[in-house]
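What follows is each chain in one-letter form.
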Amino acid sequence: DQDEETSNTSESLESVSLADASAEKATQGSDTDLEVEDPEKAFVGITGTELYLEACRLMEVVPVSHFIQNLAKPYINLNHHGLGPKGVKAIAIALVSNTTVTHLELEDNCILAEGAICIAEMLRENSSLQELNISNNHLDTAGAEAIASLLLDNMSYLHTLQLSGGLWLQLAGRSHCLCTFVSLQGNYQVKELDLSHNEFYEKGGQLLGQMLASNTTLEILDLSWNHLRRQGTVALGTGLRSNSALKILNLSWNGVGNEGALALGEALKVNTVLVHLDISNNQINNEGAKKLCRGLEVNGKLKILKMANNPLTMEGASALVTSVRKNPKSMMEEINISNVLVNETFIKLLDLVCQTHPELDVIYGEVEGCIAKIPKQHPNPMKVIQNYLKEHNLRLWDFFRNIDKDGNMKIPVAAFQRAMMQQSSIPLDRVQIGELVRKLDRNRTGVVDY
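Since this is a predicted model, take the numbers as computed values, not measurements. (Residues numbered from 1 in each chain as written. Predicted model: local features only at pLDDT ≥ 70, side-chain atom pairs only at ≥ 80, totals over all residues. Heavy atoms only, no water.)

Residues with a pLDDT of 70 or more make up 84% of the chain, whose mean pLDDT is 85. Counted against residues more than four places away or in other chains, residues 5-33, with its pLDDT under 50, gives 51 contacts. (pLDDT = per-residue confidence, 0-100. Contact = heavy atoms within 4.5 Å.)

Let us now look at the packing of aromatic side chains. Counted by the stated rule, this structure contains 3 aromatic pairs. Seen from their ring centres, Trp225 and Trp253 are 4.4 Å apart, and the 15 degrees between their planes marks the pair as stacked. You can see Trp225 sitting in the loop between β6 (220-222) and α11 (229-242) and its partner Trp253 sitting in the loop between β7 (248-250) and α12 (257-270), a full 28 residues away along the chain. The class for Trp253 is partly exposed, based on a relative accessible area of 40%. (Phe/Tyr/Trp six-rings, centres within 6.5 Å; stacked < 30°, edge-to-face > 60°. Helix = DSSP H or I, 4+ residues; strand = E, 2+ residues; numbered from the N terminus. Buried < 20%, exposed > 50% of the residue type's maximum accessible area, 1.4 Å probe, protein only.)

It is worth spelling out the UniProt feature "domain: EF-hand" (unreviewed entry) in the chain at this point. Per the UniProt record, the feature "domain: EF-hand" (unreviewed entry) sits at residues 391-426. Secondary structure within residues 391-426 divides into 53% helix and 8% strand; the distance between the first and last C-alpha atoms comes to 11 Å. (UniProt positions renumbered as here; feature names shortened; annotations may be inferred.)

The subject of this paragraph is the pattern of salt bridges. All told, the structure shown has 13 salt bridges when counted by the stated rule. In this structure, the salt-bridge partner of Arg124 is Asp153, at a minimum N-O distance of 3.1 Å. Placement of the pair is Arg124 in helix α7 (residues 112-125) and Asp153 in the loop between α8 (140-152) and β4 (160-162), with a sequence separation of 29 residues. Residue class for Asp153 comes out partly exposed when judged on its relative accessible area of 35%. One connected set of salt bridges, linked through shared partners, spans Lys306, Glu334 and Arg444. (Salt bridge = Lys/Arg side-chain N within 4 Å of Asp/Glu carboxyl O.)

Shown next as structure tokens:
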């Protein structure tokens, strides 16, 4: 009976083997290569490892031991393994009915369109995989369309998808594929999408702007390094005005310019969900910063603004900080302008703003004149706290517990800064509190774990 069952399984594997012509068949609308006549019969009595080994035999590829060793675990990392399309086909076959793997990394494996089509077909059957990375795999138009069609049909359980630098679309197919990606406006599964390094240009920005206008699920979107420029960013800004889901948007390295900054500023006037915006390295000068500030002066949701490596001076930096001062509803916690040289006037302005917005942390460059003269020395903030506790016969534990209202021994950085600024018992200024935060949150997790 076992011999007969093994024979049946082998025949079933033959039926699901993805031969060299599978990609061509798939693009012509043939039945999926992963389908079998009797799926229940095909997988009875055979483990995932056995299925994978048999698939490798049929594909004539060497099995990956790391895949076999981790097939029963939720996370598998096969980045940079040189799998190729046939190697990925074998993995796709093994994962069709797998119920344990939830996160799969396949970056830089040259899977091409053929492999992407197989992955898409597997995802239509698999109900466990939630996070997938197929970045930098030269998917071409056919592969990108297969993935986009999967999203359009809401046929997978993916909530995180990384496609950075993986599309490599030919000019003739770029617009068509991007139109398919606009299908995300009807997708209710994907929450995090990485489309960075794909050279979408302005047309891509316009189409993705349309998607943002109606998508109600996507929360994290990375569009960095896509040459979106002015028109693409203007379209994205229009989409952001009516978007009700996106929380984190990365538009760094896109040549946004001042007109793009204006569009984003207008979007921030009405957007009520975005909390993190990265527009670093975008040729935005002081004029563009002031245009962006029109939105910052009224926005009551944005917490993190990254604007490093834009050609800003003290004038633009002051405008950004002043916009927070003008906005009583501002929730801003971090402004990153780390390349900007500031002066003592700016420092005084920042100190003044932090009195009403104690959670604000502005990351700037050097302070003008401090290189020539000896910088002001501040007492070690932890020593200041320890001395205070010793004088008042208190424990460090009690000090932190007074700040930690929830009692979980972890305090959000913004809440910690606010509490430290507002307490009057221990004489610490903004700079010392910033130093204290950097010591207590070395990995910049956003949480002080005391």
